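If you want the building blocks of each chain, they are given just below.
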Amino acid sequence: MSIALVTGGSRGIGRVIAQTLAQKGYDVAVCYAGNEAAAKECVSECEKAGVRSICVKADVSRQEDVEAMFATVKEQLGNVDVLVNNAGITRDNLMIRMSVEDYEAVLDTNLKGAFLCTKAAIKDMMKSRKGKIINITSIVGITGNAGQTNYSASKAGLIGLTKSVAREYGGKGICVNAVAPGFIETEMTGVLPEAVKNDYLSRIPLKRFGKPGDVANVVAFLASDDADYVTGQVIEVTGGM
Ligand code: NAP
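An account of the accompanying structure is given in this report. All values derive from a computational prediction rather than experimental measurement.

### Regarding the overall build of the chain
No. 1: Tallying secondary structure elements over the chain gives 9 helices and 7 strands in all.
No. 2: Its C-alpha atoms give the chain principal-axis dimensions of roughly 45 × 35 × 35 Å.
No. 3: Summarising the internal contacts of the chain: among those between residues at least 6 apart in sequence, 74% fall at separations of at least 24.
No. 4: Seen as two clouds, the 27 positive and the 27 negative side-chain charges of the chain have centres 3 Å apart.

If you want it as structure tokens, here you go:
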């Protein structure tokens, strides 16, 4: 039985990733920042698939939280075979108005968080000579986006991290890939003004916004044995945007 840890698994894309992996037979640890009720709901839904599931509170930007989380998961479920670095935040603003605090908060959660979790997961993966690490980046990490200097930088950095870790640990049987969603309907995008949403929609060839399941299905593929010869890649899930 394989064990998956999904950061930011309480809501949005991460929640559906956790549930999809549970349906595929993985035991699932759901990491959340503060929303315990949502994390517990996700655990109940995972358990309905007949697998073991726990939720763990951890701020991924804090090393002590991450280390404690991995210790808890190891004790209660076992070694992590599949790590999904999904936790992410936005603090959008034009760059000249962006505070250093908002810049750092986004880099700390989206990029340093993935670094800390990867560091915590990789030793056990090296020992077992297998492992899948899947980083949820964003299309704006490739294209850039006005108003998202901090977010785009964090997601571009995550692509660099993905490719570098893939090169370092390929010889140990560990595959590291990134998924770059476009516009996915979650609370993160729900706050955007209608005009902004319509502008995105006009640029999506498949003529609809993405759903969390569209991302989760690609993550499940990358986590599976079917993707054992895929590493260092960035898979766009954007409806062609
Ligand atoms: P969301 O609905 O806002 O959910 C964010 C999740 O991250 C929540 O589970 C939240 O936990 C958790 N989280 C936030 N800060 C954290 C921290 N410091 N430590 C641990 N967990 C933390 O976001 P989403 O739309 O599902 O996005 C998920 C990922 O996909 C993010 O990395 C995002 O950048 C990326 N993405 C999203 C879109 C999109 O269109 N939605 C597009 C491209 C990429 P709590 O519930 O406890 O707050």
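And the narrative resumes.
### Quick word on the site of the ligand
No. 1: In the region of the ligand, 31 residues are neighbours, and Ser10, Gly34, Asn86, Tyr151 and Thr186 sit closest.
No. 2: With respect to the ligand, the side chain of Ser10 contributes an N or O atom lying 2.6 Å from an oxygen atom.
No. 3: Between the ligand and the protein, one listed contact pairs a nitrogen atom with a side-chain N or O atom of Asp59 at 3.0 Å.
No. 4: Expressed as a share of its isolated accessible area of 910 Å², the protein-covered part of the ligand is 93%.
No. 5: Of all the secondary structure elements, the ones that give two or more residues to the shell around the ligand are α1 (12-23), α6 (149-169) and α7 (187-190).
No. 6: Examining the composition of the shell around the ligand, we find that 3 residues originate from one element, α7, more than from any other.

### What about the side chain of Thr118?
No. 1: As for its position among the elements, Thr118 is in helix α4 (residues 100-128).
No. 2: Among the residues examined, Thr118 registers a relative accessible area of 6% and is labelled buried.
No. 3: The residues touching Thr118, leaving out its near neighbours within four places in the chain, are Leu83, Asn85, Ile133, Leu161 and Val165.

### Concerning the packing of helix α3 (residues 63-76) against α4
No. 1: Closest axis-to-axis distance for the α3/α4 pair is 9 Å, and the angle between their directions is 35°. Classified by chirality, the crossing of α4 by α3 is right-handed. Between α3, through Gln63, Val66, Met69, Phe70 and Lys74, and α4, the contact on the second element is made entirely by Leu116, Cys117, Ala120, Ala121 and Asp124.

### Notes on helix α2 (residues 36-47)
No. 1: Between its terminal C-alpha atoms α2 stretches 16 Å, which fits the 16 Å expected from 12 residues at 1.5 Å a residue.
No. 2: Residues of α2 that are buried include every one of Ala38, Ala39, Cys42, Val43 and Cys46, and no others. The buried residues of α2 occupy an angular sector of 145° when the element is viewed end-on, so they sit on one face.

### Brief notes about unusual backbone geometry
No. 1: Despite not being glycine, Arg129 shows a phi value in the positive range, around 55°.
No. 2: You will see that Lys207, though not glycine, has its phi angle at about 60°, which is positive.
No. 3: Along the chain, Lys207 turns up in the loop between α8 (194-202) and α9 (212-223).
No. 4: For Lys207, a relative accessible area of 58% puts it in the exposed group.

### Concerning the side chain of Thr186
No. 1: Position of Thr186 among the secondary structure elements: in the loop between β6 (174-181) and α7.
No. 2: Excluding residues within four positions of it along the chain, Thr186 makes contact with Gly12, Ile13 and Pro212.

### Focus on the sheet that holds strand β2 (residues 27-32)
No. 1: Pairing is parallel in the open sheet, where 7 strands are placed in the order β3-β2-β1-β4-β5-β6-β7. The open sheet is flanked by β3 (53-57) and β7 (234-237), the only strands paired with a single partner. The mean angle between the axes of side-by-side strands here comes to 20°, regardless of whether they run parallel or antiparallel.
No. 2: Of the strand pairs in this sheet, strand β1 (residues 3-6) and strand β4 (residues 82-85) are connected by 3 bridges, and their pairing is parallel. In the strand pairing of β4, Ala4 is matched with Val82.
No. 3: Taken strand by strand, α9 contacts β4, β5 (131-136), β6 and β7, and its axis lies near 155° from that of β5.

So, how was this worked out
Residues numbered from 1 in each chain as written. Predicted model: local features only at pLDDT ≥ 70, side-chain atom pairs only at ≥ 80, totals over all residues. Heavy atoms only, no water. Helix = DSSP H or I, 4+ residues; strand = E, 2+ residues; numbered from the N terminus. Contact = heavy atoms within 4.5 Å. Lys, Arg positive; Asp, Glu negative; His and termini not counted. Charge placed at Lys NZ, Arg CZ, Asp CG, Glu CD. Near = heavy atom within 4 Å. Polar contact = N/O pair within 3.5 Å; in protein donor to acceptor, adjacent residues only side chain to side chain. Areas by Shrake-Rupley, 256 points an atom, 1.4 Å probe, with all protein chains shown as cover. Buried < 20%, exposed > 50% of the residue type's maximum accessible area, 1.4 Å probe, protein only. Axes fitted to C-alpha atoms, helices over the stretch in contact; angles between N-to-C directions. Left-handed = near helix turned anticlockwise from the far one by under 90°. Expected span 1.5 Å × (residues − 1). Arc of directions from axis to C-beta. Pairing = 2+ DSSP bridges.

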